[in-house]
Amino acid sequence: MDTSLVDWSRAQFALTAMYHWLFVPLTLGLGVIQAIMETIYYKTGNAFWKQTAQFWMKLFGINFAIGVATGIILEFEFGTNWSNYSWFVGDIFGAPLAIEGILAFFMEATFIAIMFFGWEKVSKRFHLLSTWLTIAGATLSALWILIANAWMQFPAGMHFNPDTVRNEMVDFWAVALSPVAINKFCHTVLSGWIEGSVFVIGVSSWFLLKKREKSFALASIKVGAVFGLVASILVLWTGDGSAYQVAQKQPMKLAAMEGLYEGTNGAGLTAIGVLNPDKTKYNDSAEPFIFNIEIPKMLSLLAERDADAYVPGIVNLIEGGYPTRDGTPALSAAEKMERGKTAIQALATYRQAVKEKDEVAAQQARNQLDEHFAYFGYGYIQNPEELIPPVGLTFYSFHLMVLLGGYFILLFIVAWIWSVRGWFDKSAWLQRISLWSIPLAYIAGQAGWIVAEVGRQPWVIQDILPASASISNLSTSAVQTTFFLFLFLFTVLLVAEIGIMVKAIKKGPKIIHYKS
Amino acid sequence: MDYLFLQHYWWFLVSLLGALLVFLLFVQGGQSLLFTIGKTELQQKMILNSTGRKWEFTFTTLVTFGGAFFASFPLFYSTSFGGAYWVWMLILACFVLQAVSYEYQSRKGNLLGKKTYQVFLWLNGVLGPILLGTAVGTFFSGAEFTIDKAQLTDAAMPVISSWANSWHGLEAVTVVWNVCLGLAVFFLARIQALLYFINNIDDPEITQRSRKQLGIESILFLLFFLTFLVHWLLADGFAVNPETKEVFMQPHKYFLNLIEMPVVLLVMLAGIVGVLYAIIRTCLSPVWRKGIWFCGIGTILTVLSLLLCAGWNHTAYYPSLVDLQSSLTIENSSSSPFTLKVMSYVSILIPFVLAYIFYAWRMLDLRKINREEIQTEKEHTY
């Protein structure tokens, strides 16, 4: 398989996903915040809250449009660029996508029209319901696509059918309610809420810095700070859950996240560290870090819920032999590759035997396939080093995300106290920090997805299908062309979006009736 | 629910989604008429706000059509999307342009200027229906691909679906019948848009211009649609032997499908009558505004029957021209019985979804779009 085609297919998907993820979190977060504001309007009848909600809705609409634009490409790219994947697991993966369309997208598309155009056409109550249903639709959409993504990280509820040469779903609830899916959904949506809150506080701070729309800005900050604080505390909890799931299901990803080469009992968690650029091979003698500060035993505690537990490193995962949870020695990468090759060969033998109507040979081959199927994807791996994801990118993205997560908790606490005490509008330093925190929220979101997706390479389906066996049979130049086409298109549209957003913010809300 | 029933049921649902999509392409039709019907800036704004409140339905239906196809017939998804790469990429690119253009075209700071976004909408309006129609044409004319599931055991080259030419789907435009269907869909979308404007916009000039334009569009639609239809009824089709599952060429296959499935024939006839009734009555009665509903329902019924003929009654719905036995049928390309069954439970919610869409649509359309509403900008406008 042409590795440049695999890499360009990866690059195109990463490009689309990263652009898409620039817009989705704001939709998820801002959507709830504006719905809270409209609810206050509904309860109090105070037009100030209606106008406040309408201003944020205007920004929501600008952001939503480009989110939709980038989203459609993502869905179809599973087919266009990952053709083999689409057949191999389409029986399982397609279902959440279809449910997303039927249950979530239509809800979102229907009620967003009422939310924007229905203020004068429907009752206050129905409008409020529409606003909540719009964000419920967006959140449901996130739920189903994240269930699909989680299944790729932790394939469950399926079996391989050698007659159809694909994986088939046998337990829908195992797919929909897997612990990885639940954690991923909560963690991802909450990160969107954080981004929405930082955005609201940051934009409101800009108004305060410009000495404009004071009452609007302070009211928005109050809502944003409380909502953001709740979300950021919860994200800490779901983050812990996510890391635990990674430790259980994707130990190589965890090792890359921590830059852990040699496993140990009572492993420490790297709080801050700089990787050693001289370490070019997993088994060379170079030290992994130039500098790092470790919290003793914390990694074992977080990964295994036991401060003295063993956590394998990259070397151990490649070379095997360390004790697994059930006490048996872990297989080496070479042994797994061998079993994978056996599974693939058994599939070939099975199909040939069926063709020749040799039932005994078919049954033998099938037994062999079933026995080794857990390692099927390893059969496509040529070199054990392919099994190591890019450590630097995964490590720094993870630590940046965690660092920013901690920073946001602090920011929301300060913003909340300062707004409750009436200090916020007098604190230009806090307003500046809040404004400049907006890009940090985007960086945190992107970093999170880099950890999730880069950290699981080379797998598209964990242990079952690597990226190299998932792609479409296209020329590299075709994928390069569409990559640059979308890069150009999305970049132009992003610049346009930022331009429109800035103009709309500068114009400000229409606060007509309220007197502070 | 047995497997064969589920496969037929899901082909029906996918066909219904496809039919709804063609109806909702009136949004694209309207965009393609933006500069033809809207002669002043205000009129163009009224048109954009009229189609702009519905564009998300079309877009969502396209996405759901893709998702449902993926879930129910994944082999089509992997073969056609991964093979006819350029056609699908072109379709996607022009829908990306649509998604941002409504919101951005009238906003300050939009980088490219209002006119550019309106041209994007026009482009989506023209290319969207033509490309989608041309792509659907390959359901009857075939495409050049091969499928070999044993390929998965070749670690060096494990891709099972391959396209047999370097055009990757663009060759579909060289088949005149595909283009005929594409143009028929395009002009049908424009007819529906004109009927929608007459119904949805309360403006004498737009109404008058729409009625005038309706005649030209109808003649062009009938020209391309009837050409395609006659060819389709007379053409050899891709049949499946129900016993051996072997695909073979059968003379007048699609005509025979209609005869052997009389309900589908009746649905098609009712659909065609609905479209013609809407056009003729709108042309004859200067006050009648309900044409969009008759034409819309007629479109849905006609497209539904066409697509049912593509997949039902032992027919290969995505024929391969280079290896007949690689052709896709609803039996050899579907998801497992379990997945189809799970999805069928989900599909029970579809009437509920349609009901709330209809309700929301009615609520928004109770008052027609007029100059006053657009000029005062009391609400969000495009």
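Please read all numbers here as calculations on a predicted model, not as lab measurements.

About the cut-offs
Think of each chain on its own: its residues are numbered from 1, step by step along the sequence as written. To read the labels, note that chains go from A and ligands from 1, taken in the order they are written. With the structure being a predicted model, the display of local features is reserved for residues of pLDDT at least 70 and the display and counting of side-chain atom pairs for 80 or more, all residues being used for whole-chain, interface and lining totals. As a rule here, side-chain values come from all non-hydrogen atoms in the structure, and water together with hydrogens is ignored. Each helix corresponds to a stretch of at least 4 residues labelled H or I by DSSP, and each strand to a stretch of at least 2 residues labelled E; elements are numbered beginning at the N terminus. Atoms counted for the radius of gyration: C-alpha only. Globule rule: 2.2 Å times the number of residues to the power 0.38. A contact between two residues is defined here by any heavy atoms of the two lying within 4.5 Å. When charges are counted, neither His nor the chain ends are considered; positive counts come from Lys and Arg and negative counts from Asp and Glu. Lysine's charge is taken at NZ, arginine's at CZ, aspartate's at CG and glutamate's at CD. Using a 1.4 Å probe, buried area is obtained as the accessible area two parts lose upon being combined, added over both of them. We define a salt bridge as a contact between a side-chain nitrogen of Lys or Arg and a carboxyl oxygen of Asp or Glu at a distance within 4 Å. Pairs of N or O atoms within 3.5 Å make up the polar contacts considered here, provided that, within protein, one atom can donate a hydrogen while the other can accept it, and that residues adjacent in sequence are counted only when both atoms are side-chain atoms. Any residue with an atom within 4 Å of a point lines the site, the site being either a cavity, points on a 1 Å grid over the protein atoms alone where a 1.4 Å probe fits but cannot get out, or a pocket, an open set with protein on both sides within 12 Å along at least 5 of 7 lines. Grid points are joined across faces, edges and corners, and a volume is the space filled by probe spheres set on the points. Side-chain classes follow a simple rule in which Ala, Val, Leu, Ile, Met, Phe, Trp, Tyr, Cys and Pro form the nonpolar group, Asp, Glu, Lys and Arg form the charged group, and the remainder, Gly included, forms the polar group. Angular values range over 0 to 180 degrees, each being the angle between N-to-C directions of two axes fitted as lines to C-alpha atoms, with helices fitted over their stretch in contact. Every angle not falling under 35 degrees, over 145, or within 65 to 115 is termed oblique; those three ranges are roughly parallel, roughly antiparallel and roughly perpendicular. Helix crossings are classified by the rotation of the near helix relative to the far one: an anticlockwise turn of less than a right angle makes the crossing left-handed, while a clockwise turn makes it right-handed. By definition here, a helix of n residues has an expected span of 1.5 Å times n minus one. Three exposure classes are used, based on accessible area relative to the maximum for each residue type with a 1.4 Å probe and protein chains only: buried under 20%, partly exposed in between, and exposed over 50%. Centre distance within 6.5 Å is the pairing criterion for rings of Phe, Tyr and Trp, where only the six-membered ring of Trp is used; planes under 30 degrees apart are then read as stacked, over 60 as edge-to-face, and the remainder as tilted. Whether a charge sits over a ring comes down to the Lys NZ or Arg CZ being within 6 Å of the ring centre and within 35 degrees of the ring normal. Any two cysteine sulfur atoms within 2.5 Å of one another count as a disulfide. Confidence scores labelled pLDDT are given residue by residue by the predictor and lie between 0 and 100. Like charges are joined within 9 Å and nonpolar side chains (Val, Leu, Ile, Met, Phe, Trp, Tyr) within 5 Å, but only among residues with over 30% relative accessible area and no salt bridge; these make up the patches. Using a 1.4 Å probe, accessible areas were evaluated by the Shrake-Rupley method; residue-level cover was limited to the displayed protein chains.

Across its full length, chain B carries 16 helices and six strands. Its C-alpha radius of gyration of 21 Å places chain B within 12% of the 21 Å reference for a compact globule of 382 residues. Its C-alpha atoms give chain B principal-axis dimensions of about 65 × 45 × 40 Å. Long-range contacts, defined as pairs at least 24 residues apart, comprise 78% of the intrachain contacts of chain B with a sequence gap of at least 6. Between the averaged position of the 24 positive side-chain charges in chain B and that of its 23 negative side-chain charges there is a distance of 15 Å.

Take the interface of chain A and chain B next. When the parts of a complex come together, some accessible area is lost, and that lost area is often used as the size of the interface. Between chain A and chain B, the contact holds 87 residues from the first and 78 residues from the second. Around 7,500 Å² of area is buried between chain A and chain B when both sides are counted, 75% of it from carbon and sulfur atoms. When the area that chain A buries against chain B is broken down by residue, the three leading residues are Trp87, Phe117 and Lys121 of chain A, summing to 11%. Across the salt bridge formed by Glu373 of chain B and Lys121 of chain A, the nearest N and O atoms sit 3.1 Å from each other. For the interface between chain A and chain B, the tally reads 21 residue pairs in polar contact (both at pLDDT 80 or more). When residues of the side of chain A that touches chain B are traced back to their parent elements, those giving at least two are α2 (47-80), α3 (83-117), β2 (166-169), α11 (333-355) and α15 (476-507) of chain A. The leading source of residues in the side of chain A that touches chain B is α3 of chain A, at 27 residues.

Moving on, we get to empty space enclosed by the protein. Tallying each qualifying case throughout the model produces five cavities of 30 Å³ or more. Estimated volume of the largest cavity: approximately 120 Å³. Together, 17 residues line the largest cavity, and Ile112 and Phe116 of chain A together with Trp55, Glu56 and Tyr382 of chain B are the ones closest to its centre. Of all the secondary-structure elements, those providing two or more residues to the lining of the largest cavity are α2 and α3 of chain A together with α5 (55-72) and α7 (85-105) of chain B. Of the residues forming the lining of the largest cavity, the biggest block, five residues, is contributed by α3 of chain A. The class makeup of the residues in the lining of the largest cavity is eleven nonpolar, two polar and four charged. Looking at the second largest cavity, its volume works out to about 50 Å³. If you trace the second largest cavity, you find it lined by Ser83, Ser472 and Asn473 of chain A together with Thr79, Gly82, Gly83, Ser161, Ser162 and Trp163 of chain B. Broken down by secondary-structure element, the contributors of at least two residues to the lining of the second largest cavity are α6 (74-83) and β2 (161-163) of chain B.

All names here are of chain B. Where helix α8 (residues 114-141) meets helix α9 (residues 176-200), the closest approach of the two axes is 7 Å, and the angle between their N-to-C directions is 140°. In terms of orientation, α8 lies oblique with respect to α9. Viewed along their axes, α8 and α9 form a crossing whose handedness is right-handed. Each of Gly125, Val126, Pro129, Ile130, Gly133, Thr134, Val136, Gly137, Thr138 and Ser141 in α8 lies in contact with α9, whose residues at this interface are Asn178, Val179, Leu181, Gly182, Leu183, Val185, Phe186 and Ala189. Considering only residue class, the contact of α8 with α9 consists of ten nonpolar, eight polar and no charged.

As a further point, take the packing of helix α11 (residues 253-260) of chain B against helix α12 (residues 262-284) of chain B. All names here are of chain B. At a minimum axis distance of 5 Å, the contact between α11 and α12 shows a crossing angle of 100°. By the angle between their directions, the pair α11 and α12 is classed as roughly perpendicular. Residues Leu258, Ile259 and Glu260 of α11 lie in contact with α12, whose contacting residues are Pro262, Val264, Leu265 and Met268. Within the contact of α11 with α12, the residues separate by chemical class into six nonpolar, no polar and one charged.

As a further point, take α8 of chain B. All names here are of chain B. The first and last C-alpha atoms of α8 sit 40 Å apart over 28 residues, in line with the 40 Å expected at 1.5 Å per residue. For α8, a buried count of 20 out of 28 residues is recorded, marking the element as mostly surrounded by other parts of the structure. Backbone geometry just downstream of α8 places Gly142 in the positive-phi region, at approximately 95°.

Right, let's talk about the packing of aromatic side chains for a bit. Evaluated as defined, the whole model comprises 91 aromatic pairs over all chains. A centroid spacing of 6.3 Å and a plane angle of 70° characterise the contact between Trp56 of chain A and Phe199 of chain A, whose relative ring orientation is edge-to-face. Separated by 143 residues along the polypeptide, Trp56 of chain A in helix α2 and Phe199 of chain A in helix α6 (residues 179-209) bring together distant segments of the chain. As far as burial versus exposure is concerned, Trp56 of chain A and Phe199 of chain A are alike and both buried. Ring geometry for Trp293 of chain B versus Trp361 of chain B: centroids 6.1 Å apart, planes at 50°, classification tilted. Pair noted here: Trp293 of chain B is in helix α13 (residues 291-311) and Trp361 of chain B is in helix α15 (residues 350-365), with a separation of 68 residues, a long-range link. With relative accessibility at 29%, the residue Trp293 of chain B sits in the partly exposed group. On the basis of relative accessibility, which here comes to 9%, the residue Trp361 of chain B falls in the buried class. When the ring centre of Phe154 of chain A is taken as reference, the NZ or CZ atom of Lys249 of chain A above it lies at 4.6 Å. Here Lys279 of chain A stacks its cationic end above the ring of Tyr261 of chain A, 4.6 Å away from the centre of that ring.

Looking now at the environment of Leu30 of chain A. Residues and elements named next belong to chain A. Here Leu30 shows up in helix α1 (residues 3-44). Between the C-alpha atoms of Leu30 and Leu209, which are 179 residues apart in sequence, the distance is 22 Å. In contact with Leu30, other than residues within four places in its own chain, are Trp56, Leu59, Phe60, Gly196, Phe199 and Val200.

On to the pattern of salt bridges. Residues and elements named next belong to chain A. This model, assessed by the stated rule, comprises 21 salt bridges over all chains. Residue Lys426 pairs with Asp425 through a salt bridge whose shortest N-O separation is 3.9 Å. For Lys426, a relative accessible area of 64% puts it in the exposed group. Exposure remark for Asp425: the relative accessible area of 21% places this residue in the partly exposed category. Where Glu453 meets Arg456, a salt bridge forms, and the shortest distance between an N and an O atom there is 2.4 Å.

Glancing now at the state of the cysteines. All names here are of chain B. Tallied over the entire structure, the rule returns zero disulfides over all chains. Cys295 forms no disulfide, and the closest cysteine sulfur to it belongs to Cys283, at a distance of 11 Å. Cys295 sits in the buried class, given a relative accessible area of 0%.

We now examine unusual backbone geometry. Residue Gln457 of chain A is joined to Pro458 of chain A through a cis peptide bond whose omega torsion reads 10°. Within the secondary structure layout, Pro458 of chain A lies in the loop between α14 (428-454) and β7 (459-461). A positive phi angle, near 50°, is found at His252 of chain B, a position not held by glycine. The topology assignment puts His252 of chain B in the loop between β4 (247-250) and α11. Residue His252 of chain B is classed as partly exposed on the basis of its relative accessible area of 36%.

Attention now goes to the confidence of the model for chain B. Averaged over every residue, the pLDDT of chain B is 95; the share at 70 or more is 99%. Complex prediction metrics read pTM 0.94 and ipTM 0.93.

Moving on to the side chain of Asn63 of chain A. Counting through the fold element by element, Asn63 of chain A comes out in helix α2. Other than its neighbours up to four places away in sequence, Asn63 of chain A contacts Leu22, Phe23, Leu26, Thr27, Glu497 and Met501 of chain A.

All names here are of chain A. Taken together, the side chains of Val226, Val230, Leu234, Trp237, Trp416 and Val420 present a nonpolar region at the surface, about 590 Å² in accessible area. Elements with a minimum of two residues in the nonpolar patch: α7 (214-249) and α13 (391-420). The element best represented in the nonpolar patch is α7, accounting for four residues. Counting through the fold element by element, Leu234 comes out in helix α7.

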